[in-house]
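Descriptive analysis of the structure
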Amino acid sequence: MDVGELLNYQPDRGAKRPRDGDGGSAGGDEDSRGGKQQKGLSARELARYREAAAAAGVGIDVGGEMRDTEELSGDKKKILEKLMDQDEEEPEAEPVDESSVKKMILTFEKRSYKNQELRIKFPDSPEKFMESELDLNDIIQEMHVIATMPDLYHLLVELNAVHSLLGLLSHENTDVAIAVVDLLQELTDIDTLHESEEGAEVLIDALLEGQVVALLVQNMDRLDEQVKEEADGIFNTLAIIENMAEFRPGLCTEAAQQGLMQWLLKRIKAKMPFDANKLYCSEILAILLQNNDNTRELLGEMDGIDVLLQQLSVFKRHNPSTAEEQEMMENLFDALCSCLMLPANRDRFLRGEGLQLMNLMLREKKMSRTSAMKVLDHGMIGPEGADNCHKFVDILGLRTIFPLFMKTPKKMKKTGASEKEHEEHVSSIIASMLRNLKSQQRSRLFTKFTENDCEKVDRLMELHFKYLEAVQQADKRIEGEKHEMVRRGEILDDGMEDEFYLRRLDAGLFVLQLICYIMVEISNSGISQLQQRVHQILNLRGGSVKVVRHIMREYAESIGDGKSEEFKEAERKRIMDLVENF
């Protein structure tokens with residue numbers, strides 16, 4: 001190893017998560033950028049090695065490369081010996097305990113204050129405050145050791161270090177701000193936080209009180225991603241937000257309102273080549289929108305639905321080129337599905353021509369097809385989806401959806417979606433249309449079922465028996481378990497019953513309920529041909545009307561979670577009327 005390499009050697013500090021996945025992002029960085037940026041030597045060390053090298057008559061440039069006109073082998077040996085001696089002379093690092101952490105924080109406060117003072121005194125003479133800035137940077141690096149002792153985090157708060165660190169996020173020198181981001185990312189590492197819940201709570205409270213998200217966003221706004229260290233700084237900032245959101249999901253609304261949502265949307269639509277930061281932004285966006293109507297509302301107001309549709313339109317005719325890009329596509333689809341849970345966003349989706357885009361994706365047979373179907377399902381479900389259902393029929397969506405109902409695509413494995421998932425979404429879309437469509441569009445839907453000698457009814461009944469068998473097998477297993485529990489004298493409480501019901505839904509009960517709903521709807525359509533075919537196949541295969549009625553009653557009981565009582569009552573009555581006439 002030559003001396004230049006030796007001087008530049010930096011042990012791996014362990015990354016939270018790789019910035020570029022195994023294959024490297026389309027951005028193409030050779031080195032997987034770790035969660036924390038890999039720094040070269042600090043300026044202090046470099047200065048020290050320069051002196052050692054100067055004594056031996058050898059030059060080292062800033063990159064740490066050796067240069068001299070003569071043959072250097074002898075000199076190199078001398079330098080190496082000197083460096084080794086210096087290392088041996090250095091005292092061992094003192095153990096990390098309360099007093100050493102206090103001492104470290106005190107040193108940090110002093111250096112921070114001194115740097116601030118010199119910058120105010122000599123704003124136009126960098127050489128006057130440069131030394132103090134290097135000292136400040138060094139102590140921030142040393143403070144990484146506190147991340148190994150989360151039970152001492154309270155000291156950071158009590159001695160006001162958190163407040164000072166947050167202040168440095170707006171330091172004129174972005175290198176200092178990035179060093180603070182690095183430190184915060186390590187302090188908030190999710191595994192570390194779980195080691196000491198108490199210390200973590202204290203730290204997170206102090207950070208939130210100091211408006212950490214707003215400060216981080218302001219800092220990201222001034223960073224230039226063309227510079228590797230600054231791009232890493234943005235990646236680590238997003239990691240801090242992810243850590244905090246995972247530890248305390250309640251902060252998502254506050255974070256989104258402190259400028260984070262706006263920044264994420266701006267970064268996602270920026271015309272830049274795909275890279276690890278764009279992937280991470282899509283991930284954070286999906287996290288913010290999970291189970292949170294406030295952030296969904298905010299995204300809608302910021303025209304975020306249009307941003308998501310624009311970004312996804314790329315995948316209409318092209319598959320993602322790497323696994324990372326595919327992950328980003330899925331994150332954006334997940335974000336869109338979350339947004340559509342909010343009724344106001346369904347209207348924005350309709351106006352932004354989201355239905356047309358999803359319909360095109362279904363026709364194009366690319367990777368985006370499975371997710372497009374999921375989006376349509378979210379956009380059309382429930383009474384709030386009525387406008388989307390009518391529009392879908394108007395844009396000739398029935399021609400797209402029924403071939404997918406008739407035959408589950410073979411290519412599903414590639415996108416990681418299961419056959420059951422596909423059949424569930426298609427059945428749900430058809431069930432939503434049967435529930436929401438009126439007049440002419442409704443007639444067009446029923447006409448589809450009569451085409452080609454009722455082949456769609458035959459397929460419907462085929463799916464009915466497929467899922468009925470799957471559910472009956474699951475019921476048998478569950479009954480066996482219940483019997484065993486009673487024998488052991490265990491009590492079957494409501495919690496257990498709920499768990500069993502979820503297992504039945506997972507085994508296919510939900511798809512079966514949707515299929516039975518479609519059966520009773522078309523049997524009540526007033527088209528005798530459809531009703532006759534349904535009953536004919538039921539009798540032929542030994543099925544029973546009783547079983548269908550039982551499934552529908554169970555479905556009616558569980559309907560309308562989170563809806564008003566009047567809606568639930570009216571919907572139950574409507575379903576039970578359909579069942580009576582079945």
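Residues numbered from 1 in each chain as written. Predicted model: local features only at pLDDT ≥ 70, side-chain atom pairs only at ≥ 80, totals over all residues. Heavy atoms only, no water.

Some words on the overall build of the protein chain
Applied cut-off: Secondary structure elements are defined from DSSP: runs of H or I of at least 4 residues count as helices, runs of E of at least 2 residues count as strands, and each element is numbered from the N terminus. Exposure categories follow from relative accessible area, calculated using a 1.4 Å probe and restricted to protein chains: below 20% of the type maximum is buried, above 50% is exposed, and the middle band is partly exposed. Whether two residues are in contact is decided by their heavy atoms: any pair within 4.5 Å suffices. We get accessible surface area from the Shrake-Rupley algorithm with a probe of 1.4 Å; when it comes to residues, only the shown protein chains can shield them.
Along the protein chain, the regular secondary structure elements total 29 helices and two strands. Expressed as a percentage of the 582 residues in the protein chain, the buried residues total 51%. In the protein chain, once contacts between residues fewer than 6 apart in sequence are set aside, the share between residues at least 24 apart is 75%. Of the roughly 28300 Å² that the protein chain leaves accessible, carbon and sulfur atoms contribute 49%.

Here we look at the pattern of salt bridges
Using the following cut-off: We define a salt bridge as a contact between a side-chain nitrogen of Lys or Arg and a carboxyl oxygen of Asp or Glu at a distance within 4 Å.
Per the stated rule, a full pass over the model turns up 36 salt bridges. Where Glu423 meets Lys466, a salt bridge forms, and the shortest distance between an N and an O atom there is 2.9 Å. Taken together, the residues span a long stretch of sequence, with Glu423 in helix α24 (residues 419-436) and Lys466 in helix α25 (residues 439-487) at a distance of 43 residues. Looking at Glu423, the relative accessible area reads 5%, which means it is buried.

A word on the side chain of Ser132
Applied cut-off: Here a polar contact is recorded for every N or O atom pair within 3.5 Å, except that within protein the pair must consist of a potential hydrogen donor and a potential acceptor, and residues adjacent in sequence are included only if both atoms are side-chain atoms.
With respect to the helices and strands, Ser132 occurs in helix α5 (residues 126-142). Polar contacts involving the side chain of Ser132 include one to the side chain of Asn115, which spans 3.0 Å. Apart from residues lying up to four places away in sequence, Ser132 is in contact with Asn115 and Leu118.

A look at the state of the cysteines
The line we're drawing: Throughout, disulfides are identified as pairs of cysteine sulfur atoms within 2.5 Å of each other.
The final tally for this structure, using the stated rule, is zero disulfides. Cysteine Cys339 remains unbridged, with the sulfur of Cys337 as its closest cysteine sulfur at 9.2 Å. Assessed through its relative accessible area of 0%, Cys339 is described here as buried.

What about helix α14 (residues 276-289)?
Put simply, the rule is: Expected span, for any helix, means 1.5 Å times one less than how many residues it has.
Given a rise of 1.5 Å per residue, 14 residues ought to cover 20 Å, and the 20 Å separating the end C-alpha atoms of α14 matches this to within 8%. Here α14 lies mainly inside the structure; 13 of its 14 residues are buried. Looking one or two residues past α14, Asn291 carries a phi angle of roughly 45°, positive in sign.

As for unusual backbone geometry
The phi dihedral of Ser439 is positive, around 40°, even though this residue is not glycine. Looking at the secondary structure, you find Ser439 in helix α25. Despite not being glycine, Asn452 has its phi angle at roughly 45°, a positive value. Secondary-structure assignment places Asn452 in helix α25.

Points about α5
Compared with the 24 Å implied by 1.5 Å per residue over 17 residues, the 24 Å span of α5 between its first and last C-alpha is a close match. Those residues of α5 that sit buried are Phe129, Ser132, Glu133, Asp135, Leu136, Asn137, Asp138, Ile139 and Ile140.

Some details on the packing of aromatic side chains
Operational definition: For Phe, Tyr and Trp, rings pair up if their centres lie within 6.5 Å, where Trp contributes its six-membered ring, and each pair is then called stacked (planes under 30 degrees apart), edge-to-face (over 60) or tilted (otherwise).
Going through the model one piece at a time under the given rule, you end up with four aromatic pairs. With centroids separated by 6.1 Å and ring planes inclined at 90°, the aromatic side chains of Phe402 and Phe405 adopt a geometry described as edge-to-face. With Phe402 and Phe405 both in helix α22 (residues 398-406) and three residues apart, this pair spans about one turn of that helix. By relative accessible area, Phe402 is classed as buried at 2%. Looking at Phe405, the relative accessible area reads 3%, which means it is buried. Ring centres of Phe402 and Phe449 lie 5.4 Å apart, and the angle between their planes is 85°; on these two criteria the pair is classed as edge-to-face. Residue Phe402 is found in helix α22, and its partner Phe449 is found in helix α25; the two are separated by 47 residues along the sequence. Each member of the pair, Phe402 together with Phe449, is buried.

Let's talk about the environment of Met433
Mapped onto the elements, Met433 comes out in helix α24. With a relative accessible area of 0%, Met433 lands in the buried category. Separated by 45 residues in sequence, Met433 and Asn388 place their C-alpha atoms 9.2 Å apart. If we skip the residues at most four places from it in the chain, Met433 touches Met380, Cys389, Phe392, Val393, Leu398, Ile401, Arg442 and Leu445.

Brief notes about the nonpolar core
Our working rule: For this analysis, a nonpolar core means a set of buried residues of the types Ala, Val, Leu, Ile, Met, Phe, Trp, Tyr and Cys, connected via side-chain atoms within 4.5 Å. Residue ranges assigned to each domain were obtained from an automatic or database domain assignment.
In this structure, Leu156, Leu260, Leu285, Met358 and Met433 are the most contacted members of the largest nonpolar core, which totals 152 residues. Counting residues per element, this core draws most heavily on α25, which supplies twelve residues. Domain assignment of the residues forming this core places at least three in each of domain 1 (97-248) and domain 2 (457-581). Leave out the neighbours within four places in its chain, and Met358 touches Leu309, Phe333, Leu336, Phe349, Ala372, Val375 and Leu376.

Re the packing of α14 against helix α17 (residues 323-339)
We count it as follows: With axes taken as lines fitted to C-alpha atoms, and helix axes fitted only over the stretch in contact, angles between N-to-C directions fall between 0 and 180 degrees. For this classification, under 35 degrees means roughly parallel, over 145 means roughly antiparallel, 65 to 115 means roughly perpendicular, and everything else is oblique. Working rule for handedness: look at the near helix, and if it is turned counterclockwise from the far one by less than a right angle, call the crossing left-handed; if clockwise, right-handed. Only Asp, Glu, Lys and Arg are considered charged in this grouping, and only Ala, Val, Leu, Ile, Met, Phe, Trp, Tyr, Cys and Pro are considered nonpolar; every other residue, Gly among them, is considered polar.
The interhelical angle for the contact between α14 and α17, taken along N-to-C directions, is 25°, at an axis separation of 9 Å. Relative to α17, the element α14 lies roughly parallel. Relative to α17, the crossing made by α14 is left-handed. On α17, the residues touching Lys278, Leu279, Ser282, Glu283, Leu285, Ala286 and Leu289 of α14 are Glu324, Glu327, Met328, Asn331, Leu332, Ala335, Ser338 and Cys339. Within the contact of α14 with α17, the residues separate by chemical class into eight nonpolar, three polar and four charged.

Digging into the environment of Leu156
Turning to its location among the elements, Leu156 is positioned in helix α6 (residues 153-158). Taking the C-alpha atoms as reference, Leu156 lies 8.7 Å from Val101; in sequence the two are 55 residues apart. Leu156 has contacts with Ile105, Met143, Ile146, Ala161, Val162, Leu187 and Leu203, leaving out every residue within four places of it along the chain.

Focus: the confidence of the model for the protein chain
This is how it is decided: The predictor reports its confidence for every residue as pLDDT, a score running from 0 up to 100.
When pLDDT is averaged along the protein chain, the result is 86, and 82% of the positions lie at 70 or above. Every residue in residues 11-18 is under pLDDT 50, and counting partners more than four places away or in other chains gives 30 contacts. Note that residues 20-72 has pLDDT below 50 and, in this model, 106 contacts with residues that lie over four places away or in other chains.

Focus on the environment of Leu260
Its location among the elements puts Leu260 in helix α13 (residues 252-269). Its relative accessible area of 0% is what places Leu260 among the buried residues. Along the backbone, Leu260 and Leu288 are 28 residues apart, and their C-alpha atoms lie at a distance of 9.6 Å.

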